[in-house]
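So you can see what is in the structure, the chains are spelled out below.
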Amino acid sequence: MTDYVPPKIWTWDTESGGTFASINRPIAGATHEKELPVGKHPLQLYSLATPNGQKVTILLEELLALGHTGAEYDAWLIKIGDGDQFGSGFVAVNPNSKIPALMDHSGAQPIRVFESGAILQYLAEKFGAFFPTEPAARAECLSWLFWQMGSAPYLGGGFGHFYAYAPSKMEYPINRFAMETKRQLDVLDKRLAVSEYIAGDAYTIADIAIWPWYGGLVKGRLYGAAEFLSVHEYKHVLRWADAIDARPAVQRGRRVNRVSGDDQLPERHDASDLD
């Protein structure tokens, strides 16, 4: 392999290749004018059923299953491969142009919430569910929630990119990020060896945040990498992943904004859409 020598000044190479080369760019902001649709419910979600998108739809479906009728929502599809996230309306909700993004129209003034962890915390606090109030339990939940925010980029943008999406296979980055991904799985496995759920005895937004990434990985749903990463080694993660996978609200939430595989539901505007 020829060694890469970085230039003195980096410039943008639009021909760099890879699955997402057509939408990646080094600047922020809108590329085109496009207003976002608004449906009949106070909560308007703009998303795609990636692991980050699944977090929010799973929580919303869990809230509805508890009887929180105010958690009814419209889920609009944002096709990131087509650059929908760079439309002016979406950028107004999330200046970082990443899914998911939420608008809450239930109050006197609309509230925007972006970044999946922020949306989970906002909704859990709004409805008083899946988020402990006792200080120590709350701190544990928040710590694991933010663990996911800091860790998953190494799994997704690191391992997933170089293993599944880069224009060519490169040994160094695949090895580097495979090592880190397995370290993270070991962190979770050791935690789940002594705790039923991530933050303790109760199912919380920490589980909802972590499961679509790491549960999906050990269930063989991410990057076709289960065998490569020997996920069978992480018995406690597998136990936890199976338990959450069996929850009806999780199964419903996984379908929303899905545009590939089985049980696709590109948009969701009513509970009956999932029947």
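Rules and cut-offs
Residues numbered from 1 in each chain as written. Predicted model: local features only at pLDDT ≥ 70, side-chain atom pairs only at ≥ 80, totals over all residues. Heavy atoms only, no water. Patch = residues over 30% accessible without salt bridge, like charges linked within 9 Å, V, L, I, M, F, W, Y side chains within 5 Å. Areas by Shrake-Rupley, 256 points an atom, 1.4 Å probe, with all protein chains shown as cover. Salt bridge = Lys/Arg side-chain N within 4 Å of Asp/Glu carboxyl O. Helix = DSSP H or I, 4+ residues; strand = E, 2+ residues; numbered from the N terminus. Buried < 20%, exposed > 50% of the residue type's maximum accessible area, 1.4 Å probe, protein only. Pairing = 2+ DSSP bridges. Axes fitted to C-alpha atoms, helices over the stretch in contact; angles between N-to-C directions. Contact = heavy atoms within 4.5 Å. UniProt positions renumbered as here; feature names shortened; annotations may be inferred.

Our next topic: a nonpolar patch on the surface. Residues Y4, W10 and W12 make up a contiguous nonpolar surface patch of roughly 450 Å² in combined accessible area. Relative to the assigned elements, W12 resides in the segment before β1 (43–47). Accessibility expressed as a relative area gives 45% for W12, which makes it partly exposed.

With respect to topology, four strands assemble into an open sheet ordered β2-β1-β3-β4, the strand pairing being mixed. At either end of the open sheet lies a strand with only one pairing partner, and these are β2 (73–77) and β4 (111–114). Strand-to-strand, the axes of this sheet are offset by a mean angle of 20°, without reference to chain direction. The sheet contacts of helix α3 (residues 116–127) involve β1, β3 (101–104) and β4, and relative to β4 the element is tilted by about 130°.

Turning to the UniProt feature "domain: GST N-terminal" (unreviewed entry) in the protein chain, a few remarks are in order. According to UniProt, the positions carrying the feature "domain: GST N-terminal" (unreviewed entry) are residues 44–131. With 38% helix and 19% strand, the stretch residues 44–131 has end C-alpha atoms that lie 22 Å from each other.

On to the pattern of salt bridges, then. What the rule picks out here adds up to 15 salt bridges. We note a salt bridge from K40 to D270, for which the minimum N-O separation is 3.5 Å. With a gap of 230 residues between them, K40 in the segment before β1 and D270 in the segment after α8 (248–255) connect regions that are remote in the sequence. Overall, the relative accessible area of 27% leaves D270 in the partly exposed class. Here E61 and R268 are joined by a salt bridge, their closest N and O atoms 3.3 Å apart. Pair noted here: E61 is in helix α1 (residues 51–65) and R268 is in the segment after α8, with a separation of 207 residues, a long-range link. With relative accessibility at 3%, the residue E61 sits in the buried group. Since its relative accessible area comes to 0%, R268 is described here as buried.

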